[in-house]
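# Residue-level structure breakdown
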Amino acid sequence: MISGRTRLQGKVRVNGSKNASLPILAASILSPGQSVIKDVPRLQDITTMGDVLSSLGARVFRDGPDITVDTTNIYSVEVEEALMRRMRASNLVLGPLVGRFREAKISQPGGCNIGSRPMNLHLKGLRALGVEINEEFGYISARAGRLTGAEIQLDFPSVGATENIMMAAVYAGGVTVIRNAAREPEVVDLQNFLNCLGARITGAGTDIIRIEGVRELHPAVHQVIPDRIEAGTYMIAAAITGGDLTIVNVIPEHLRALMAKLAEAGAEIETGDDYVRVRGPQRLQAVDVKTMPYPGFPTDLQPQMMALLTLAEGTGIITETIFENRFKHVSELRRMGAEIKVEGQTAIIKGKKKLSGAPVEASDLRAGAALVLAGMAAENGTIVEGVEHIDRGYERIEQKYNALGARITRIRS
Ligand code: EPZ
């Protein structure tokens, strides 16, 4: 339950990145022994990845913000369906399992709230490395003799496919080259972790990644990068509430696309080595946004940006090019008085002076984050249902916003 008319003010620290932690935890499978991953956020999706690793025989312990994974005694290469259903990103164990054991079985991930999200690019890449893949009865089974390095051209720079192929190729004979690779900072962090384990990978952050196979890896200690999407959500929160937030533990370079749009919308932005300060204007101006693979505007900030545009002066256009069905927040924002028209993958948002609070439902993680932002900026109270989606990506969201001046109460039914 969110009281409206909030002006956020103060300093907030961003956690380690969820989407960097997930592949890095999965990658710990590759090196037998005890690796320590530092600054891993306390989120439901991280718990699920821990459960996936435990179900394979790894030992997983949390000590404050750090997670230790001991993968010495992995005895299973099969992820049960219930765990795949709980989180799609469970599919990130496919690459490392095939890499280390040359065998894996996961259930086929279904569609989800933001689109159909197939795995064809992951599988095409693994096949190129010499892995035999069978898709039967809702399962994907992978088996290989020795993996052999290959040249892989991705049809689309998929983050998950790039990560799975990198992890599978670490022990492959010879050299693997991934072209049109995803350039996201989380891919760079995975490269850095794999190289700490003893892998030989270069090029992450560009669209060509080169992996030279090695025979042996050893465990390592690694600190994950800050969560650029959590940081970006706070930046939009400052702008939409006309507030003044200093967001620390940030790599400003990761947020350039958002900064450009917020500045265009009238926000004042200041950056330092590890912080961003955002001050919202009296009235925001409408801007156009098109989601793109990194370094373009991230799809994971599209719903939050839409919430902002509902209150801007003028008409803004959002084009979603990454996911086919990521506009579920539109109908909920409309319940709060927003004027939004959707045509295919484009949303046309006519800014209003006010939103009015309403009961709304979060369909997925970022849609939920957007509704909380709209609720804080609206005229009266808003009730957001489906908070479990928000908990998948934001740690203690109500406590963090309340410390900045929001009035949000979690109601248990
Ligand atoms: C990652 O998902 C993130 N998840 C997502 O975070 C994020 O939205 C997405 O990248 C895009 O930036 C994690 O890192 C755990 P993709 P991923 O493969 O890897 C299509 C969040 O809110 N595609 O780059 O699954 C796919 O359907 C989220 O934290 C294929 O067609 O994204 C989609 O349209 C949700 N075939 C597009 O590519 C494939 O084999 C981008 O997907 C793979 C992908």
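Reading guide: rules and limits
Residues numbered from 1 in each chain as written. Predicted model: local features only at pLDDT ≥ 70, side-chain atom pairs only at ≥ 80, totals over all residues. Heavy atoms only, no water. Salt bridge = Lys/Arg side-chain N within 4 Å of Asp/Glu carboxyl O. Buried < 20%, exposed > 50% of the residue type's maximum accessible area, 1.4 Å probe, protein only. Pairing = 2+ DSSP bridges. Helix = DSSP H or I, 4+ residues; strand = E, 2+ residues; numbered from the N terminus. Arc of directions from axis to C-beta. Axes fitted to C-alpha atoms, helices over the stretch in contact; angles between N-to-C directions. Parallel < 35°, antiparallel > 145°, perpendicular 65-115°, else oblique. Left-handed = near helix turned anticlockwise from the far one by under 90°. Contact = heavy atoms within 4.5 Å. Nonpolar A, V, L, I, M, F, W, Y, C, P; charged D, E, K, R; others polar. Near = heavy atom within 4 Å. Polar contact = N/O pair within 3.5 Å; in protein donor to acceptor, adjacent residues only side chain to side chain. Areas by Shrake-Rupley, 256 points an atom, 1.4 Å probe, with all protein chains shown as cover.

### Concerning the pattern of salt bridges
Under the definition given, this model contains 28 salt bridges. For arginine 277, the salt bridge goes to glutamate 270, with nearest N and O atoms at 3.9 Å. We classify arginine 277 as partly exposed; its relative accessible area is 24%. For arginine 396, the salt bridge identified is with glutamate 395, shortest N-O distance 3.9 Å. The class for arginine 396 is partly exposed, based on a relative accessible area of 40%.

### Considering the sheet that holds strand 19 (residues 339-343)
As summarised here, the arrangement of the 4 strands in space is 17-18-20-19, forming an open sheet in which the pairing is mixed. Here the strands that pair on one side only, and so sit at the sheet edges, are strand 17 (289-290) and strand 19. Direction of pairing for strand 17 relative to strand 18 (residues 315-319): parallel, over a ladder of 2 bridges. When the bridges of strand 18 are listed, valine 289 appears paired with isoleucine 318.

### Brief notes about helix 9 (residues 256-264)
Along helix 9, the residues that are buried comprise Leu258, Met259, Lys261 and Leu262. Buried positions in helix 9, seen along its axis, are confined to an arc of 165° and lie on one side of it. Glycine 266 sits one or two residues past helix 9 and shows a positive phi near 110°.

### What to know about the packing of helix 5 (residues 120-128) against helix 6 (residues 159-169)
One way to put it is that helix 5 packs onto helix 6 with a least axis distance of 8 Å and a crossing angle of 25°. When the interaxial angle is binned, helix 5 and helix 6 end up roughly parallel. Two packed elements cross with a definite hand, and for helix 5 against helix 6 that hand is right-handed. In contact with Leu121, His122, Gly125 and Leu126 of helix 5, helix 6 contributes Gly160, Ala161, Asn164, Ile165 and Ala168. Its residues placed into classes, the contact of helix 5 with helix 6 shows 5 nonpolar, 4 polar and no charged.

### Observations regarding the pairing of strand 6 (residues 103-107)
Two strands pair when backbone bridges link them, and strand 5 (residues 78-79) and strand 6 are joined in this way by 2 bridges, in the parallel orientation. Residue pairing in the sheet places glutamate 78 in a bridge with lysine 105 of strand 6. As defined by bridge partners, strand 6 adjoins strand 8 (residues 139-143) across 5 bridges and the pair is classed as antiparallel. Along strand 8, the bridge assignment pairs alanine 104 with alanine 142.

### Structural notes on the site of the ligand
Residues in contact with the ligand amount to 21 residues; listed here are only the nearest, Asn120, Leu121, Ser158, Asp300 and Ile322. Note that an oxygen atom of the ligand is positioned 3.3 Å from one of the side-chain N or O atoms of arginine 326. In isolation the ligand exposes 830 Å². Once the protein is present, 84% of that is buried. Of all the elements in the fold, those that place two or more residues in the shell around the ligand are helix 1 (18-27), helix 5, helix 6 and helix 12 (365-377).

Everything listed here is a matter of geometry and, on its own, says nothing about what the molecule does.
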